[in-house]
Amino acid sequence: MECEKIEQMAEQVKDIVLSGYEKSSSAEKFPDHPLWARMKNLGSELWLDTGDIEACEPLWNQEFSAFTTNNTLLNKEVAKGTYDELIERTAQKLRDRVPEDDLALEVAFVLNARHALRLVHKFNTHVSVELHTDLLNDTERSVAYGKRFHDICPEKFYVKVPFTASGLLAALKLEQQAVPVNCTLGFSARQNYLIAAVAETKFCNVFLGRLNAFVQDNGLGTGEMVGERAVISSQRAVAELRDVIGTQTRQIAASIRNGQQVLSLAGIDVLTMPLQAAREFEDLRPEPESIVPRTNSLPA
């Protein structure tokens, strides 16, 4: 479907997303936590990498500031039946207006936006919402859908754009239009230096768990600390650009697999953690004073 047609129907789709949604002026009060407070005081912004509202509620505290979501995490929520009525209603309203392939894209947009709004409403937090994978190599439509996500909740949504050639251009164009971008699927300092220097996105990523797993799965070594070293190297490169030329990009440690990795990356700009990894960090029970920045030296 052409971008002009997308824009024509954007308001109707926005109405579907917002139907029944009420903005909250004050969120539920959540407790403080000394371990997470220490991590935050060392300079790390703390996010949860989940879409499971019920499961994360016992863990959430005042030190957390955002969620990262993606299509895989959303599918887990869809499988619970939570959005059956919304899917049916969206399909009914749009079926005669868009081709079948684009209908699936629009339904996915509605689901991602609506679920992210629920997270915003419940926790008064930012949410990183992901573009559909069909847009991976389509700069024009990535920009169009990124702007539509931003229009749904400009004060709380970050738009997650994949690091591809088309995605890098889309990220640049979105940032130029004041849409904050989380450029995802990064794996190295070199990639994130490019992202920060060219697109100047709000965030970039190193998927450290995937790096460790790749090394181990391919018989190249144990994989231990490969991803952690990549995160710290990328942090240094991104921080250098901030200091030298004033870019805004901040480094996210993503694809964290366990609590020890959380501890090993204290001081990284942003840590986004699955629930299990966050719980494991709490279970380690380190003394808050023993947690120190790890960005000044590469782990062995």
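I will try to describe carefully the structure that is included in this document.

Basis of the calculations
- Residues numbered from 1 in each chain as written.
- Predicted model: local features only at pLDDT ≥ 70, side-chain atom pairs only at ≥ 80, totals over all residues.
- Heavy atoms only, no water.
- Salt bridge = Lys/Arg side-chain N within 4 Å of Asp/Glu carboxyl O.
- Helix = DSSP H or I, 4+ residues; strand = E, 2+ residues; numbered from the N terminus.
- Buried < 20%, exposed > 50% of the residue type's maximum accessible area, 1.4 Å probe, protein only.
- Polar contact = N/O pair within 3.5 Å; in protein donor to acceptor, adjacent residues only side chain to side chain.
- Arc of directions from axis to C-beta.
- Contact = heavy atoms within 4.5 Å.
- Phe/Tyr/Trp six-rings, centres within 6.5 Å; stacked < 30°, edge-to-face > 60°.
- Lys NZ or Arg CZ within 6 Å of the ring centre and 35° of its normal.
- Pairing = 2+ DSSP bridges.
- Axes fitted to C-alpha atoms, helices over the stretch in contact; angles between N-to-C directions.

1. Details of the pattern of salt bridges
It is possible for side chains bearing opposite charge to pair when their charged atoms get close.
Logical step 1: Enumeration over the complete set of coordinates arrives at 10 salt bridges.
Logical step 2: Between K14 and D151 there is a salt bridge; the shortest N-O distance is 3.1 Å. Note that K14 is positioned in helix α1 (residues 3–18) and D151 in helix α7 (residues 139–152), a separation of 137 residues in sequence.
Logical step 3: Its relative accessible area of 18% is what places K14 among the buried residues.
Logical step 4: Of the residues examined, D151 reaches a relative accessible area of 36% and is grouped as partly exposed.
Logical step 5: A salt bridge links R89 to E85; the shortest N-O distance between them is 2.9 Å. Separated by four residues within a single helix, R89 and E85 lie in helix α5 (residues 84–94), roughly one turn from each other.
Logical step 6: Here the salt bridges share partners, and the residues they tie into one network are D52, E77 and K80.

2. Some details on the side chain of T247
Logical step 1: Its place among the elements puts T247 in the loop between α11 (226–245) and β7 (250–254).
Logical step 2: Of the polar contacts made by the side chain of T247, one reaches the backbone oxygen of L241; its length is 3.5 Å.
Logical step 3: Among the polar contacts made by the side chain of T247, one reaches the main-chain amide nitrogen of R242 at a distance of 3.3 Å.

3. Brief notes about helix α9 (residues 189–199)
Logical step 1: All of the buried residues in α9 are N192, I195, A196 and A199. Along the axis of α9, the buried positions cluster into a sector of 110 degrees, meaning they face one direction only.
Logical step 2: Residues of α9 that are buried sit in contact with α8 (165–176), β5 (181–184), β6 (203–207), α11 and β7.
Logical step 3: A positive backbone phi angle near 50 degrees is found at E200, which sits one or two residues after α9.

4. Describing unusual backbone geometry
Logical step 1: For N124, which is not glycine, the phi dihedral falls at a positive 50 degrees.
Logical step 2: Assignment of secondary structure puts N124 in the loop between α6 (100–123) and β3 (126–130).
Logical step 3: Take N124: its relative accessible area is 44%, and that puts it in the partly exposed class.
Logical step 4: A positive phi is found at A178, a non-glycine position, where the angle reads about 65 degrees.
Logical step 5: Among the structural elements, A178 can be located in the loop between α8 and β5.

5. Quick look at the packing of aromatic side chains
Logical step 1: Applying the stated criterion across every chain yields a total of 13 aromatic pairs.
Logical step 2: Relative to F64, the ring of W60 has its centre 5.4 Å away and its plane inclined at 35 degrees; by these criteria the two rings are tilted.
Logical step 3: Its relative accessible area of 4% is what places W60 among the buried residues.
Logical step 4: Of note, R148 hangs over the ring of F109, and the distance from its end group to the ring centre comes to 4.4 Å.

6. With respect to the sheet that holds strand β8 (residues 270–273)
Remark on secondary structure: sheet strands pair via backbone hydrogen bonds, oriented parallel or antiparallel.
Logical step 1: Ordered by their spatial adjacency, eight strands build a closed barrel running β1-β2-β3-β4-β5-β6-β7-β8, and the pairing between neighbours is parallel. Taking each pair of neighbouring strands and ignoring which way they run, the sheet shows an average axis angle of 25 degrees.
Logical step 2: Bridging between β5 and β6 involves two bridges; their strand directions are parallel. The partner of C183 across the bridge, within β6, is C204.

Purely spatial values, then, with no claim about function.
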